[in-house]
Each structure stands twice: as structure tokens, then as C-alpha cells.
Amino acid sequence: MTDPRVTLGGVDFAGPAFTASGCAAAGRELAGFFDLTEIGGVVTKSIMLRPRSGRPTPRMVETPSGMLNSIGLQGPGIESFLENDLAWLTDHGVTAVVSIAGETVDEFAQLARILRNEPAVKAIEVNISCPNVESRGQVFACEVMSASSVIHQVRRNISSDVPIFAKLTPDVTSIAEIALACHNAGADGLSVMNTTLGMAIDPDTLRPILGGVTGGLSGPAIRPMAVRCVWQIHQVLPDVPILGMGGIANGEDALQFIAAGASAVSVGTMTFHDPSAPVRVQRELLGLLDERGFTTVADAVGIAHRGGLT
Amino acid sequence: MTAQADAEILSVRRDGPYWQMSFAAPGIADGFRPGHFVAIAVDDAHILRRAFSIRSASTKAGGALQIIVSPKGPGTKWLVERRPGDLINVIAPLGKPFRLPTEPVPCVLVGGGYGVAPLFELASQLRARGCPVEIIVGAGDAQRLYGVVEARRVSDAVHVTTDDGSAGEHGRVTDPLRRILAGGHPAVYACGPMGMLQAVSEVSAEFGAVAQCAVEESMACGIGVCMTCVLPVIGDDGVTRMVRSCTEGPVFFGDRVRWSEVGTVPADTLGAPEPRDD
Ligand SMILES: Cc1cc2nc3c(=O)[nH]c(=O)nc-3n(C[C@H](O)[C@H](O)[C@H](O)COP(=O)(O)OP(=O)(O)OC[C@H]3O[C@@H](n4cnc5c(N)ncnc54)[C@H](O)[C@@H]3O)c2cc1C
Ligand SMILES: Cc1cc2nc3c(=O)[nH]c(=O)nc-3n(C[C@H](O)[C@H](O)[C@H](O)COP(=O)(O)O)c2cc1C
Ligand code: FES
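Here's a quick rundown of the structure. The structure displayed is predicted, hence computed values, not measured ones.

## Considerations on the packing of aromatic side chains
In step 1: Going through the model one piece at a time under the given rule, you end up with five aromatic pairs over all chains.
In step 2: Ring plane angle 70° and centroid distance 5.2 Å describe the contact between F13(A) and F18(A), whose orientation is recorded as edge-to-face. Accessibility classification places F13(A) together with F18(A) in one group, the buried group.
In step 3: Centre to centre, the rings of Y18(B) and Y146(B) are 5.1 Å apart; their planes meet at 75°, and the pair counts as edge-to-face. One end of the pair, Y18(B), is in strand β2 (residues 18–24); the other, Y146(B), is in the loop between β8 (133–139) and α3 (148–154), and 128 residues separate them in sequence.
In step 4: What makes Y18(B) buried here is its relative accessible area of 10%.
In step 5: Given a relative accessible area of 5%, Y146(B) falls into the buried group.
In step 6: Over the aromatic face of F13(A) sits the side chain of K122(A), whose NZ or CZ is 5.9 Å from the ring centroid.
In step 7: The ring of W78(B) has R82(B) lying over it, and the distance from NZ or CZ to the ring centre is 4.0 Å.

## Here's the deal with empty space enclosed by the protein
Residue and element names in this part refer to chain A.
In step 1: All told, the structure shown has five cavities of 30 Å³ or more when counted by the stated rule.
In step 2: Counting residues per element, the ones that place at least two in the lining of the largest cavity are β6 (66–69) and α7 (270–273).
In step 3: Grouping the amino acids of the lining of the largest cavity by side-chain chemistry returns 14 nonpolar, 17 polar and two charged.

## Quick look at the packing of helix α4 (residues 174–182) of chain B against helix α5 (residues 194–206) of chain B
Residue and element names in this part refer to chain B.
In step 1: Two numbers describe how α4 lies on α5: the axes approach to 10 Å, and their chain directions differ by 20°. Judged on the interaxial angle alone, α5 and α4 are roughly parallel. Seen from above, α4 lies across α5 with right-handed handedness. Two secondary-structure elements touch here, α4 through T174, L177, R178 and L181 and α5 through A199, V200, V203, S204 and E206.
In step 2: Broken down by class, the residue content of the contact of α4 with α5 amounts to five nonpolar, two polar and two charged.

## Remarks on the site of ligand 2
All names here are of chain A.
In step 1: Around ligand 2 sit 23 residues, and of these S21, S46, K167, G247 and T269 come closest.
In step 2: Here an oxygen atom of ligand 2 sits 2.7 Å away from a polar atom, N or O, in the main chain of S21.
In step 3: The backbone of G247 places a nitrogen or oxygen atom 2.6 Å from an oxygen atom of ligand 2.
In step 4: The protein chains hide 98% of the 600 Å² of surface that ligand 2 would expose on its own.
In step 5: When atoms are counted within 2 Å of each cavity's grid points, the one that captures over half of ligand 2 is the largest cavity.
In step 6: Partitioned by chemical class, the residues of the shell around ligand 2 number eight nonpolar, 13 polar and two charged.

## Considering the site of ligand 1
In step 1: Taken together, 22 residues are adjacent to ligand 1, and A51(B), I68(B), G75(B), T76(B) and E216(B) come closest.
In step 2: In this structure, ligand 1 sits where chains A and B come together, each supplying nearby residues.
In step 3: S70(B) has a polar backbone atom sitting 2.7 Å from an oxygen atom of ligand 1.
In step 4: Out of a free accessible area of 820 Å², ligand 1 has 87% covered by protein chains.
In step 5: Those elements that place two or more of their residues in the shell around ligand 1 are β5 (60–63) of chain A together with β4 (50–58), β5 (64–69) and α1 (74–80) of chain B.
In step 6: When residues in the shell around ligand 1 are grouped by element, the largest group, four residues, is from β4(B).

## Some remarks on the interface of chain A and chain B
By convention, interface size is frequently given as the accessible area that disappears when the constituent parts associate.
In step 1: Chain A puts 34 residues into the contact, and the matching count from chain B is 35 residues.
In step 2: When the two sides are added together, the surface that chain A and chain B hide from each other amounts to roughly 2,800 Å², 59% of it contributed by carbon and sulfur.
In step 3: Our count for the chain A to chain B interface comes out at two salt bridges.
In step 4: The closest approach of N and O atoms between E62(A) and R50(B), which form a salt bridge, is 2.7 Å.
In step 5: Where chain A touches chain B, the interface holds 11 residue pairs in polar contact (both at pLDDT 80 or more).
In step 6: Of all the secondary structure elements, the ones that give two or more residues to the side of chain A that touches chain B are β5, β6 and α7 of chain A.
In step 7: Of all the elements, α7(A) adds the most residues to the side of chain A that touches chain B, at three residues.

Criteria and thresholds
- Here the residue index of a chain counts from 1 through its sequence in written order.
- Both sets of labels track the order of writing: A upward for chains, 1 upward for ligands.
- Local features in this predicted model are restricted to residues whose pLDDT is 70 or higher, and side-chain atom pairs enter the listing and the counts only when it is 80 or higher, whereas totals over whole chains, interfaces and linings include all residues.
- Each side-chain value is worked out from all heavy atoms of the structure, with water and hydrogens disregarded.
- Between the rings of Phe, Tyr and Trp (Trp by its six-membered ring), a pair exists once the centres lie within 6.5 Å; its type follows the angle of the planes, with under 30 degrees stacked, over 60 edge-to-face, and the other angles tilted.
- Note on exposure labels: buried denotes an accessible area under 20% of the residue type's maximum, exposed denotes more than 50%, and partly exposed covers the range between, all computed with a 1.4 Å probe on protein chains only.
- Think of it this way: any DSSP run of H or I at least four residues long counts as a helix, any run of E at least two long counts as a strand, and we number them from the N terminus.
- Each ring is checked for a lysine NZ or an arginine CZ that lies within 6 Å of its centre and within 35 degrees of its normal; such an atom marks a charge sitting over the ring.
- Only protein atoms enter the 1 Å grid used here. Points where a 1.4 Å probe fits but cannot escape make up a cavity, open sets with protein on both sides within 12 Å along at least five of seven lines make up a pocket, and a residue lines them when an atom lies within 4 Å of a point.
- Grid points are joined across faces, edges and corners, and a volume is the space filled by probe spheres set on the points.
- Three classes are used: nonpolar for Ala, Val, Leu, Ile, Met, Phe, Trp, Tyr, Cys and Pro, charged for Asp, Glu, Lys and Arg, and polar for all others, with Gly counted as polar.
- The axes are straight lines fitted to the C-alpha atoms, using for helices just the contacting stretch, and the angles between their N-to-C directions are given from 0 to 180°.
- To sort the angles, those under 35 degrees are grouped as roughly parallel, those over 145 as roughly antiparallel, those from 65 to 115 as roughly perpendicular, and the leftovers as oblique.
- Less than a right angle of anticlockwise turn of the near helix away from the far helix marks a crossing as left-handed, whereas a clockwise turn marks it as right-handed.
- A contact between two residues is defined here by any heavy atoms of the two lying within 4.5 Å.
- The rule for a residue being near a molecule or strand is that one of its heavy atoms must lie within 4 Å of it.
- In protein, a polar contact requires one atom able to donate a hydrogen and another able to accept it; more generally it is a pair of N or O atoms within 3.5 Å, and residues adjacent in sequence count only if both atoms are side-chain atoms.
- For accessible areas, the Shrake-Rupley method is used with a probe of radius 1.4 Å. Any residue's cover is judged against the shown protein chains and nothing else.
- Cavity and pocket membership follows a simple rule, namely that a molecule belongs there if more than half of its atoms are within 2 Å of the grid points.
- Accessible area that two parts lose when put together, with a 1.4 Å probe and added across both, is what the buried area reports.
- Throughout this description, the term salt bridge denotes a Lys or Arg side-chain nitrogen within 4 Å of a carboxyl oxygen of Asp or Glu.

Quick look at the structure:
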């Protein structure tokens, strides 16, 4: 049987599948559906310094093989998160990867300082790619300089044994260039990818459907795009761990990401269809790796770059 | 306990303007309380589940649930084309149900359209506790009126209203509601379109009553992980928050929901964007 354990940025995780930020809240609601300790970990909804109401409704439109969302980072703020959500994960022995988001570089730095004293934080995902923020359309991960300065500040303010993953957007000309910049600024790994910006118009009212006008597209519709992003990044950074995601619905989908260069995967939108999707994907992936003779997940990472199965 | 299961369809039949569906849900049916809903996975082309109020639970096939479906878009149309023996994947029971009074107080239940679905079982449970129950059923016209016969079976009195007067009283559900509230102090329960719930909440407030309202918001997950289904609700501390209707609802106290601001984020909501001057 393939060993389920993976090592990302020097930290060991129980399995290669994770939840995706914003698609699992802080884990608690999924605990009734599967054992959260079986998967690699719960990547929590991006948390900000202060409570945030998010965008007006409607916040969701179903689209072919996917959905658009404009949640707008609704959340209780870091203080409440530590007290209620992180505490619950710790009490239940669930591995926590904490996703953080800020409107300014300094907010990211402050969040990192607050989290540095939290032993329960196994890794940090730095969400520099949320399309649903109003800060003048600014998405840090669209630009080398701003992406680097956020990552640099988080790295400076968090202990060196907590790996940080920069979460990237596909809405750029060269995602590999942004990935390189983030790595140079201190990112131990890369989470690839966030949603891509989309929009839907109601044919009756001829107005945008989403309260936030535009929204992030997710689900199987974006999977080929996400596999391509992982491929391009692994090409330039073959030794940097990638948490791959985008429309993963089953083990075969996950295997594509591993072969393209991801060291582990996150399951997002498909959790809405099947709340136990993260653990099901993990079991299916391990079964497929085993059938192909891999003893560890790591052996299969990026194999598509090396001529595949021979 | 909420559970996910492949449920066998026991029956699908046309019932006036809607469809009635029953499916085997052993283990799940036991936990059902009126106000709970079920999230059903539809055809492969649609990822998101569809939410339906649970109409009733029965002991058929080791435990079965009934729902009422209004075929509207692709998911609901697919559902009513299923046949007995087909399997559908369901998650239930979900949400917070209606709260029942501890004393045998009079109750008035208001339903609009398929919103009457959870009210039949609610009426039965209230009457079993000794509460006298009146039901108000409203619709646009006689064609769209639903559930009047069943309402008669489970209550002490039924009031029917239609917007065009083609059946029952010409007017809105709030007309008989006003008369009933003027004559006593009943507990009020409502399920139906958001506009109706707002009107029921406002009329109830005029008479010092608080309505329990089951809302319907667009949902992506139904289990509390996505934050799509929110509406502005005032908490016990007086603070308005954008609250998930799938986990903290779908039943809310009518005086807590900021009905006229649903679809917006009121400026005094916790964490609302600060006004900008740029
Ligand atoms: C708590 C709750 C109870 C409900 N009870 C019933 C019931 O008893 N009987 C019944 O017929 N319908 C009920 N609905 C509405 C039902 O869920 C929608 O009509 C259905 O999801 C529409 O799916 P569709 O594919 O036909 O339409 P589409 O418009 O194609 O649906 C597209 C997407 O939008 C969502 N959506 C669209 N309209 C609604 C809506 N009105 N409410 C919530 N989500 C929506 C769907 O879930 C889907 O994800 C209820 C909804 C909620 C939230
Ligand atoms: C409703 C919803 C909310 C999301 N919220 C966040 C978030 O808070 N932070 C973040 O980094 N990504 C967020 N995402 C993006 C996902 O984590 C993921 O990157 C993306 O959806 C692609 O994966 P998927 O197709 O498996 O969902 C969200 C996605 C959805 C659908
Ligand atoms: S529908 Fe996802 S949180 Fe309510």
C-alpha cells in the first residue's frame, strides 16, 4: 500500500489531501461526515484581522461544471478564530493549516505575529489572490512586487519552522514568474490555484447576478487551467512543494495534479456536492498510486515532467 | 444526527401545481422536526445540491421522508422525472427546526405556495401538545393554491386567500392573520416567499407577537461551510451579523431578520465595509 504521509516544507502530514480554504469553514461542520484526522489537514477559511461581513447576496451562481462565488472573505476576525475555531481543531486533534488575508501588507504582518505564538498552526497559507476584495481591485498576487512584499513580511514575522504557502491566482500572464518571486521572498511552498475571475448576467433583468458583480469561478470547469498552472510552476521550481487545487472531484483528478508537480492537493467546491469528498479523493488517489506501484506519494510528484510511467 | 445516504425513491406523483416525492431514508427520518430541510444531489451536470423543506417522515421502508417539489429549473425538473426505485443522494436532516411552545397556546400557521410543506407536520405536533391550530394558506390564484385539503385535516380552522379572489378570501394572508391576532395572542409560524415572511413579521409585530419564519436563501452547500446563504440578522446582543440560513436557520424569529435589507449588508453590520471617501 502507498504510504499516505507527505512532507511539505519540512512538516509531516497524515495524507496528501486537504480541504480548500473557504470550502470547509474551520472544519467543524465536516466532522459529522468524515474523520478529519485521516486527511492531511483542514485549510481554514481565510481569516482577517477584524470581523468582516463579506459581500451582499446573491453570493453564488451555478455555472457549467462549476460555480461563481462572491463571498468577500466573510469571517469573525483573528481573535474569535483563535478562541473558537483553532481551539476546536486543536481539541479534536485536527491538523490546521491557517489561511490569512489582509488588505495591506502590514495587516498580513500583524496576522503572522499573532499566529507565531500558536503551536497548533502547522502551516500558513497566505491568500494573496482573493478576487472578492474591494481594495481597489488590488490582488497582491497579480504583481511581482506586491506579492513579494506580503510574503517577505509574513516570513519575517513567523517562526522558521512553520512553512508558509503563497496562494496564487491564475489571472496573470505568467504564474511561474509570480511563483518565483514568492519563493525568493521566503515562501516555502505554493498553493495553486485560487478561483479565476468570472461573471454572469441574468437574462431576464440583464443585470449582473452576483451582489459583488464579479466572482471567482471554481469547480471542474477550471481543472485543466489549474493543472496547467501546477505544470508551469513545477517546471521552474521543481523542488518547491505545491498544494494543487481546482476542480478536483476524484482520485484521478488528484493524480493529474500530482503528476503535474503537486506534492498534495486541496478539494474545494466538490465538498459542496459531497461533504466527504476530501477523504474520498485521498483514498482514491492512494489506491491509484498503489496500482501504479508507487510506494510513496513523493515518488509520483512531477512524474509527467519525467516521461510519465515507463 | 445529520447523515448522507443514497435513498431509494418510493413514489413521485403530481399534486396540483407541485409534485410530491417520497424516498426511503432509514435512520435519517427519525431525527426529523418540522422546519428541517434536505439537500439533494441532482444530475451529473449540476454540482450543487438542491434544498427542500421536509414535509413529513413516515415509518415506510424502515423510515421515509416526503417533500414537495415545484419544478422550476433543471435540478427540480430532473428530480420530478425520477421514478420509484431510482436512487438519489440526500443529506438530512439539516438546519434548525421550528421551536414548539411548552404551553398549550393557540397557534396560527401561515403558508405561501410550497411553503406550506413543513406546516402540516408542525400543525399535527402542535395539536398533539394541546395547542389549537389555525392555518392560513395563500396563493396568487386558485390554480396555484396548494394544500388546503391537507391543512383542513391537521388543524382546527383553515383560512384561504388568493390575490385575485378566485378562491377563498380576496386578499393577502396578512388579512386573516390580522383578524386572528386582534382576537388573541397566538404563536405565529410562517413559511413561504420572503415578501410574505416580511409582511407576516410586520403584522405580528403590530400586535406584539413574534413570528417564527422559515426563510429560503440560495445555498451552495447547505451544511454551513461556504457562506453563500447569509442574511442580516440581529443577535441577542443587538448586533447585526450576516448569518448562515442553512445552519443557524432556516427558521428565524421574524423580529430579528432585517427583511427590507436582505440582499444588502446594512452599514451597522458587524464587519461591514467602512464608508470610503476616495
Ligand atoms: C431551506 C429551503 C427550503 C426549500 N424548500 C423547497 C420546497 O419545499 N419545495 C421546492 O420546490 N423548493 C424548495 N426550495 C427551493 C429549491 O431549493 C429551489 O427551487 C431549487 O434549488 C432550484 O433548483 P433548480 O435546478 O430547479 O433551479 P436553478 O435556478 O437552475 O438553480 C440553480 C442554483 O440556484 C439554487 N437556487 C435557485 N433557486 C433557489 C431558491 N429559491 N432557493 C434556494 N436555492 C435556489 C439551486 O440550489 C442551485 O444551486 C427550498 C429552498 C431552501 C433554501
Ligand atoms: C465559496 C468559496 C469560498 C472560497 N473562499 C476562499 C478563501 O477564503 N480563501 C482562499 O484562499 N480561497 C478561497 N476559495 C478558493 C478555493 O480555496 C480554491 O482555491 C478554488 O475554489 C479552486 O478549487 P476548487 O475548484 O476545488 O474549489 C473559495 C472558493 C469557494 C468556492
Ligand atoms: S449554504 Fe453553504 S453555508 Fe449555508
